[in-house]
Amino acid sequence: MTFFRNRVFLEGIAIGGICGIIIGSIIAFTLGESSIEAVRRIVQKGRARNRGVEYKYLY
């Protein structure tokens, strides 16, 4: 366990962990946004069909 006494090793683990969290968050946010946008489009298409007025009521 002598490598835990090495300061450079511990700094490398800390910096690598922080960078990993940042990169992982960016990837998760990007994937989450694209899936939310897809769900939003599906919901809006469903609502658009229900809002339409039938032509027989326009006369």
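Here we summarise the structure given alongside this text. (Residues numbered from 1 in each chain as written. Predicted model: local features only at pLDDT ≥ 70, side-chain atom pairs only at ≥ 80, totals over all residues. Heavy atoms only, no water.)

## So, the overall build of the chain
Piece 1. Check the secondary structure of the chain and you find one helix and zero strands.
Piece 2. Relative to its 59 residues, the chain shows a buried fraction of 0%.
Piece 3. Here the chain displays about 5,800 Å² of accessible surface, and carbon together with sulfur accounts for 66% of that area. (Helix = DSSP H or I, 4+ residues; strand = E, 2+ residues; numbered from the N terminus. Buried < 20%, exposed > 50% of the residue type's maximum accessible area, 1.4 Å probe, protein only. Areas by Shrake-Rupley, 256 points an atom, 1.4 Å probe, with all protein chains shown as cover.)

## Quick word on the pattern of salt bridges
Piece 1. A complete count under the given rule lists one salt bridge for this structure.
Piece 2. Linking Arg7 and Glu11 is a salt bridge whose minimum nitrogen-to-oxygen distance equals 3.0 Å. Placement of both Arg7 and Glu11 in helix 1 (residues 7-51) is noted, with a separation of four residues, approximately one turn of the helix. (Salt bridge = Lys/Arg side-chain N within 4 Å of Asp/Glu carboxyl O.)

## What about a nonpolar patch on the surface?
Piece 1. Among the surface-exposed residues, Phe9, Leu10 and Ile13 lie close enough to one another that they form a single nonpolar patch of about 240 Å² accessible area.
Piece 2. Mapped onto the elements, Ile13 comes out in helix 1. (Patch = residues over 30% accessible without salt bridge, like charges linked within 9 Å, V, L, I, M, F, W, Y side chains within 5 Å.)

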